[in-house]
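# Close look at the chain arrangement
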Amino acid sequence: MALGSAWQRVSWLYYQYLLVTALYMLEPWERTVFNSMLVSVVGMALYTGYVFMPQHIMAILHYFEVVQ
Amino acid sequence: INHIVHNGGLYKRPFNEAFEETPMLVAVLTYVGYGVLTLFGYLRDFMRQWKIEKCQNATERDEQKDFVPLYQDFENFYNRNLYMRIRDSWNRPICSVPGAKVDMMERVSHDYNWTFTYTGRVIKGIINMGSYNYLGFAQKEGTCQEAAAKVLSQYGAGVCSTRQEMGNLDKHEELEKLVARFLGVESAMTYGMGFATNSMNIPALVGKGCLILSDELNHASLVLGARLSGATIRIFKHNNMQSLEKLLKDAIVHGQPRTRRPWKKILILVEGIYSMEGSIVRLPEVVALKKKYKSYLYLDEAHSIGALGPSGRGVVDYFGLNPEDVDVMMGTFTKSFGAAGGYIGGKKELIDYLRTYSHSAVYATSMSPPVVEQIITSMKCIMGEDGTTVGKARVQQLAENTRYFRRRLKEMGFIIYGNEDSPVVPLMLYMPAKIGAFGREMLKRNIGVVVVGFPATPIIESRARFCLSAAHTKEMLDTALKEINEVGDLLQLKYSRHRLVPLLDRPFDETTYEETED
């Protein structure tokens, strides 16, 4: 099943993430704390980017005098 | 950068030692991992302090809370928060003889490694890549075992005295003559414990007003002995002859620190094989320097005796040097001979002096008789005096195993430190989570390895250390290599970029540039 092998691949990538950030050694509740903080920070960054991206792009284009 | 050594013909064979540099990305990620663990360590300590969580490690009593804190330094922090989490990779209880295959008791922990319980099951037939069993003499049947059993029924197990009082058996005299003959020195003395041999005899040889030049990565027993002696200690960079020569020159020219008097003695402390790096000492150059600057050499052959050299007589034999050039030859019987204890060999006057003035000889109990017999039988086997070629076959098997294993691991793409001929093979892991993961995954696949982390190695250079043995057959090595390959792919351990910069040992000429990195 393509879905099965994709799930295996994602599971292996999650395992690599656990090893590199040393979450592998932490208890499950500590992993939850770290993952939720990471997801919330990344989520906030993405949301801010989404909200302000049009204004930033217009400012850059205005600076380079591409659009008035 | 190619390091060229103009050896002037000191080396009779190529000296291939390489320490590949840590890749930058891996170093950064390792620090990230340690950062996360440190933050969570602070969080857990905070919770333990404010009683949100039950404190399971040692703390001071309530009456002692106002005294100097005992458990606040970095080592205790590391112990509580990093070591405890992966503690199940160490202190594993084995329940059979530690030969090529070993049995282990299975244990589980229900509270994240603070306590262990045994399930009662015994895991049989684990391939043992961690025991210092270089020539395979850790056996429970064979000539060594029979001889030791006979001596046990004759002399018993306990000696109940020190060497100087009533503990000097005829077996000890026989062993010392044999050791002296094996090493090629005039006389030798043996002690019951290898660590105590170093730490108790260096104070007898040097004292205040003497200078000790010790390698950066010397073992704790040498460091302890040097500190106990009261001599001035100066450290030279690991296996770096330019650093050693600079220190010797400074010592001769400037003398003692304030009075400028000449040093009474200069003693160079080196080891044959360094067990954490797998590197071999550059003995021909050290001996040449020693003779030029008229100092003394103390060689600790704990891992190299029996394991190096065409006839198994250690690093002096490996380089083809004269044993009389080394002033104090020290070694242990724990590694290649399957027994316990240590020895010191040298000139007759030196050994007679040590018999009276060494702390070990005066205060420590002498070696137990069955252990002595095990050493005698195994040493005779290596020398070939028991009439068979078993000893020679073992030495050759170990050399073949070493070359094969190291070559295969390098081909797979792991970073391996050390000299090509050393049976100690460190495989770099770097990241803290991979230390625990490697130990556990290898145990799942029935291979027992030793993983080493912070206090014994620098904090980012954690490693797994394989000790090869003449008892390993090619099939066992192939199985082990296949599993290491699988675990390496699973954990992404193949960091090597084949940027090996081999240390050149021939004169610099116009073709030298072609051998650089790929």
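Predicted model, so just to flag it, every value in this text is computed and none were measured. (Residues numbered from 1 in each chain as written. Chains lettered and ligands numbered in written order. Predicted model: local features only at pLDDT ≥ 70, side-chain atom pairs only at ≥ 80, totals over all residues. Heavy atoms only, no water.)

### Remarks on the overall build of chain B
- Counting its secondary structure elements, chain B contains 15 helices and 17 strands.
- A globule of 518 residues ought to have a C-alpha radius of gyration of about 24 Å, and chain B, at 24 Å, matches this closely.
- With the principal axes as the frame, chain B shows a C-alpha extent of 65 × 65 × 60 Å.
- For chain B, buried positions account for 54% of its 518 residues.
- Here chain B has roughly 24,100 Å² of accessible surface; of this, 56% comes from carbon and sulfur atoms.
- Charged side chains in chain B number 63 positive and 59 negative. The centres of these two groups are separated by 3 Å. (Helix = DSSP H or I, 4+ residues; strand = E, 2+ residues; numbered from the N terminus. Rg over C-alpha atoms; globule rule 2.2 N^0.38 Å. Buried < 20%, exposed > 50% of the residue type's maximum accessible area, 1.4 Å probe, protein only. Areas by Shrake-Rupley, 256 points an atom, 1.4 Å probe, with all protein chains shown as cover. Lys, Arg positive; Asp, Glu negative; His and termini not counted. Charge placed at Lys NZ, Arg CZ, Asp CG, Glu CD.)

### Points about the overall build of chain A
- If you tally the helices and strands in chain A, you get two helices and zero strands.
- By the compact-globule yardstick of 11 Å for 68 residues, chain A is too spread out, its C-alpha radius of gyration being 19 Å.
- Expressed as lengths along the three principal axes of its C-alpha atoms, the size of chain A is roughly 55 × 35 × 20 Å.
- Classification of the 68 residues of chain A by burial places 22% in the buried group.
- If you sum the accessible surface of chain A, you get close to 5,300 Å²; carbon and sulfur atoms cover 75% of it.

### Section: the side chain of B:Asp215
All names here are of chain B.
- Mapped onto the secondary structure, Asp-215 falls in strand E5 (residues 211–215).
- Although buried, Asp-215 forms no salt bridge, and the nearest oppositely charged side chain, Arg-282, lies 9.1 Å from it.
- Here the side chain of Asp-215 touches His-238 through a polar contact of 3.0 Å, side chain to side chain.
- Apart from the residues within four sequence positions on either side, Asp-215 is in contact with Ile-235, Phe-236, Lys-237, His-238, Asn-239, Leu-269 and Tyr-274. (Salt bridge = Lys/Arg side-chain N within 4 Å of Asp/Glu carboxyl O. Polar contact = N/O pair within 3.5 Å; in protein donor to acceptor, adjacent residues only side chain to side chain. Contact = heavy atoms within 4.5 Å.)

### Re the UniProt feature "transmembrane region" (unreviewed entry) in chain B
- Under the UniProt annotation, "transmembrane region" (unreviewed entry) lies at residues 24–43 of chain B.
- Secondary structure across residues 24–43 of chain B comprises 100% helix and 0% strand; the distance between its end C-alpha atoms is 29 Å. (UniProt positions renumbered as here; feature names shortened; annotations may be inferred.)

### Some thoughts on the packing of helix H7 (residues 241–254) of chain B against helix H8 (residues 283–293) of chain B
All names here are of chain B.
- Axis separation between H7 and H8 bottoms out at 11 Å; the angle between their running directions is 10°. Between H7 and H8, the crossing angle belongs to the class labelled roughly parallel. Facing Met-241, Leu-244, Glu-245, Leu-248, Lys-249 and Ile-252 of H7, the residues of H8 in contact are Glu-285, Val-286, Leu-289, Lys-292 and Tyr-293.
- Partitioned by chemical class, the residues of the contact of H7 with H8 number seven nonpolar, no polar and four charged. (Axes fitted to C-alpha atoms, helices over the stretch in contact; angles between N-to-C directions. Parallel < 35°, antiparallel > 145°, perpendicular 65-115°, else oblique. Nonpolar A, V, L, I, M, F, W, Y, C, P; charged D, E, K, R; others polar.)

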